[in-house]
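For reference, the chains in residue letters:
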Amino acid sequence: YELRYRALTFYTSTYELKIGTGPEGDGGGGGADGPGFAAVAVPADASIGTFADQLLVTLRSDWLGHGAGSMLAAPVRPFMAARDDAARAALLTPLFEPSASCSLEASTETKNYLILSCLDNVVTEQRFWRYERPPGGADAAAEKEKGGKFTLERTIPGALGVSPSVSAVDSDGSDALWVTSDGYTQPTTLAHCPDVSDFGTAQPGAQEPLKQLPAFFDASGLVTEQHYATSKDGTQVPYFLVSKGGAAAMKLDGSTPTLLYGYGGFEVSLTPGYSASVGAAWLEKGYAYAVANIRGGGEYGPRWHQAALKAERKRAYEDFEAVAQDLVDRGVTSPAKLGCQGGSNGGLLTGNMLARPSAGVRLFGAIVCQVPLLDMYRYHTLLAGASWMGEYGDPEAPEEWAYLQHYSPYHNLKAREEGPADQGRGGGGEEGDERDGDGGAAAYPATLFTTSTRDDRVHPGHARKMVKKLLDLGHKATTLYYENMEGGHGGA
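Not measured: the values here are computed from a predicted model.

## Quick notes on the overall build of the chain
Part 1: Counting its secondary structure elements, the chain contains ten helices and 25 strands.
Part 2: Taking all 492 residues of the chain together, 49% fall into the buried category.
Part 3: Partitioning the intrachain contacts of the chain with sequence separation of at least 6 by distance along the chain shows that 62% fall at a separation of at least 24.
Part 4: Summed over all atoms, the accessible surface of the chain reaches about 21,100 Å², with 51% contributed by carbon and sulfur.

## Let's talk about the state of the cysteines
Linking two cysteines covalently through their sulfur atoms gives a disulfide.
Part 1: Going through the model one piece at a time under the given rule, you end up with zero disulfides.
Part 2: Cysteine 369 carries a free sulfur, and the closest cysteine sulfur to it, the one in cysteine 340, is 8.6 Å from it.
Part 3: Residue class for cysteine 369 comes out buried when judged on its relative accessible area of 0%.

## A short note on the sheet that holds strand 3 (residues 38-39)
Part 1: The strand order 1-2-3 describes an open sheet built from three strands, whose pairing is antiparallel. Both edges of this open sheet fall to strand 1 (2-7) and strand 3, since each of them pairs with a single strand only.
Part 2: One ladder, built from six bridges, connects strand 1 with strand 2 (residues 13-18); its direction is antiparallel. Looking at strand 2, one finds that alanine 7 is bridged to serine 13.

## Remarks on the sheet that holds strand 14 (residues 189-193)
Part 1: Taken in spatial order, the four strands of this open sheet run 12-13-14-15, and their pairing is antiparallel. Edge positions in the sheet fall to strand 12 (162-168) and strand 15 (208-212), since each of these pairs with one other strand and no more. Here the strands of the sheet are splayed against their neighbours by 25° on average, with no regard to which way each runs.

## Quick word on the side chain of asparagine 345
Part 1: Tracing the sequence through the fold places asparagine 345 in helix 7 (residues 345-355).
Part 2: For asparagine 345, a relative accessible area of 2% gives the class buried.
Part 3: Of the polar contacts made by the side chain of asparagine 345, one reaches the side chain of arginine 313; its length is 3.0 Å.
Part 4: Setting aside residues no more than four positions away along its own chain, asparagine 345 makes contact with Tyr263, Gly264, Gly265, Phe266, Arg313, Leu373 and Tyr392.

## Details of unusual backbone geometry
Part 1: For valine 122, which is not glycine, the phi torsion reads 65° and is therefore positive.
Part 2: Along the chain, the position of valine 122 falls in the loop between strand 9 (113-120) and strand 10 (123-132).
Part 3: Classification of valine 122 as buried rests on a relative accessible area of 3%.
Part 4: Unlike most non-glycine residues, phenylalanine 266 shows phi in positive territory, near 55°.
Part 5: Relative to the assigned elements, phenylalanine 266 resides in the loop between strand 18 (258-261) and helix 4 (276-281).

## Brief notes about the packing of helix 6 (residues 314-329) against helix 7
Part 1: The geometry of helix 6 relative to helix 7 is characterised by a closest axis approach of 10 Å and an angle of 70° between their N-to-C directions. Here helix 7 runs roughly perpendicular to helix 6, going by the angle between their axes. Once helix 6 is placed against helix 7, the crossing between them reads as right-handed. Here Ala316, Tyr317, Phe320 and Glu321 of helix 6 lie close against helix 7, whose contacting residues are Leu348, Leu349, Asn352 and Met353.

## Thoughts on the nonpolar core
Part 1: By size, the foremost hydrophobic cluster in this structure holds 69 residues, and its most contacted members are Leu260, Phe320, Leu327, Met353, Phe364 and Tyr392.
Part 2: The element contributing the most residues to this core is helix 6, with seven residues.
Part 3: Setting aside chain neighbours within four positions, we find phenylalanine 364 in contact with Leu260, Phe320, Ala324, Pro335, Leu338, Gly339, Cys340, Met353, Ala359 and Pro445.
Part 4: Ranked by size, the runner-up nonpolar core spans 18 residues in total, among them Ile19, Leu72, Ala74 and Leu92.

## A few points about helix 6
Part 1: Its 16 residues place the ends of helix 6 22 Å apart at the C-alpha level, agreeing with the 22 Å of an ideal helix rising 1.5 Å per residue.
Part 2: With 13 of 16 residues buried, helix 6 is to be regarded as a mostly interior element.
Part 3: Looking one or two residues past helix 6, glycine 331 carries a phi angle of roughly 85°, positive in sign.

## Concerning the pattern of salt bridges
Part 1: A complete count under the given rule lists 15 salt bridges for this structure.
Part 2: Notably, a salt bridge pairs glutamate 312 with arginine 315, separated by 3.4 Å at the nearest N-O pair.
Part 3: The class of glutamate 312 is partly exposed, set by a relative accessible area of 34%.
Part 4: Among the charged side chains, a salt-bridge network with shared partners connects Asp233, Arg295 and Asp319.

## Re the pairing of strand 21 (residues 366-370)
Part 1: Across the two faces of strand 21 the burial differs, with Ile367 and Cys369 buried and Ala366, Val368 and Gln370 not buried at all.
Part 2: Relative to strand 21, strand 20 (residues 338-343) runs parallel, the two being bridged by five bridges. Looking at the pairing, glycine 342 lines up with cysteine 369 of strand 21.
Part 3: Handedness of the crossover joining strand 20 and strand 21 through helix 7 is recorded here as right-handed.
Part 4: Pairing geometry for strand 21 and strand 24 (residues 446-452), over five bridges, is parallel. Note on strand 24: the bridge partner recorded for valine 368 is leucine 448.

## A short note on the side chain of histidine 305
Part 1: Tracing the sequence through the fold places histidine 305 in helix 5 (residues 302-306).
Part 2: In this structure histidine 305 comes out as buried when scored by relative accessible area, which is 2%.

## Let's talk about the packing of aromatic side chains
Part 1: For the structure on display, the rule yields 18 aromatic pairs.
Part 2: Between phenylalanine 51 and tyrosine 131 the ring centres are 5.8 Å apart and the planes differ by 70°, which places this aromatic pair in the edge-to-face class. Pair noted here: phenylalanine 51 is in strand 4 (residues 47-51) and tyrosine 131 is in strand 10, with a separation of 80 residues, a long-range link. One exposure class covers both phenylalanine 51 and tyrosine 131, and it is buried.
Part 3: On the numbers, 4.8 Å between centres and 65° between planes, the contact of tyrosine 300 with tryptophan 304 is edge-to-face.
Part 4: Accessibility expressed as a relative area gives 6% for tyrosine 300, which makes it buried.
Part 5: An aromatic cluster is defined as three or more aromatic residues linked by ring pairs; in this entry it consists of Phe10, Tyr11, Phe266, Tyr379 and Tyr392.

Rules and cut-offs
Residues numbered from 1 in each chain as written. Predicted model: local features only at pLDDT ≥ 70, side-chain atom pairs only at ≥ 80, totals over all residues. Heavy atoms only, no water. Helix = DSSP H or I, 4+ residues; strand = E, 2+ residues; numbered from the N terminus. Buried < 20%, exposed > 50% of the residue type's maximum accessible area, 1.4 Å probe, protein only. Contact = heavy atoms within 4.5 Å. Areas by Shrake-Rupley, 256 points an atom, 1.4 Å probe, with all protein chains shown as cover. Disulfide = S-S within 2.5 Å. Pairing = 2+ DSSP bridges. Axes fitted to C-alpha atoms, helices over the stretch in contact; angles between N-to-C directions. Polar contact = N/O pair within 3.5 Å; in protein donor to acceptor, adjacent residues only side chain to side chain. Parallel < 35°, antiparallel > 145°, perpendicular 65-115°, else oblique. Left-handed = near helix turned anticlockwise from the far one by under 90°. Core = buried A, V, L, I, M, F, W, Y, C linked by side-chain atoms within 4.5 Å. Expected span 1.5 Å × (residues − 1). Salt bridge = Lys/Arg side-chain N within 4 Å of Asp/Glu carboxyl O. Right-handed = clockwise from strand over helix to strand, strands pointing away. Phe/Tyr/Trp six-rings, centres within 6.5 Å; stacked < 30°, edge-to-face > 60°.

So this is what it looks like as structure tokens:
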């Protein structure tokens, strides 16, 4: 098959498919109308692919009785020939349907298997679907037209704090796998499975380790836990916590310096991964590290992402504040010893942790804001910004700027407060209470902004003008800035 697509927005596309002439000379048509490309009748926000003679459709919205986040399979030729939704619906086989706790993260293909990587409460599991191709030969033409059959053979649950992923050694010729695995305390390891049936077994040679990155820090005694915080609207928000366990376990008296990391956008899931810098510079010192799986991400599929789109963006920030508060309530740390870090969309997150009255010094002693979006009135005019309007909104539309202004950190800064932080303001409040513009006063935690002169994705102007405004408002003592002259969006 030949497949081509045109991206309409960040989350919508149109697809066209051409069915080529196979070795048996049975093709050439682009659907029922003959040769050439034909439109694939799926929702604009779906993504598609092919496996053997099957079309794979992954949904971001409900369609033909299947929920957002589902993966569906259908035989290509009958699907392309179908004239209406009823005919198409009859051809669909669900390979994955989301639940309250489980979402589809990725998929990979071998010769005979479609392997789905799923997240069950942010713990990776692998599901192995075996595909039986229809019989060959002229006498089996009718069966071939119907396509083959998928059978779910195995589901291999994962382990907390570890992120395995699989890829095919030769997707056309074998069912062998490359297996890559890492975690907060485990360096990245590459292993080889001679066959998918060997994955997850303890048989000798079933999973042969080939390479492992060196350990850059001493992980002995470190444990990974998962906790849940209750957000403002009652939603349970998971987060990972890495800290010393056993005899050296941290005291739950609020004395442990803790770094909280977050992103919360573009349906990106924050799964466990090895970080040499976090380990060597933070965890080895006996400090704690937390990662928040807030809404806007993909940890629970499209619904988790869409819950913080556009006008609902504040949900991501409320989730992050809830995790920070939970760390304090558990006695892990205290506001003075809690820092937060995020980059790109995560820089918008941490920029809001600076500017929101419900966060700031009430929750954090320090903030790291990397390659951030901060001016949400002009973001769409800078570099790749226009492509993100599907995530944030269009500031030139008055009804969308009406909510964008509430989470544009640049527009919500206040002059330096004289004396101690004002502890009288309550956290949260209605959305109208979250934007004070330049009026009033505030005390901000120490904040480091980093960017790159050569960032071609998020313009360095965001960080530059934010720092300039903070200095003009009297926050020189708590504002730090670093601009890397080289690198790019990831090099700051």
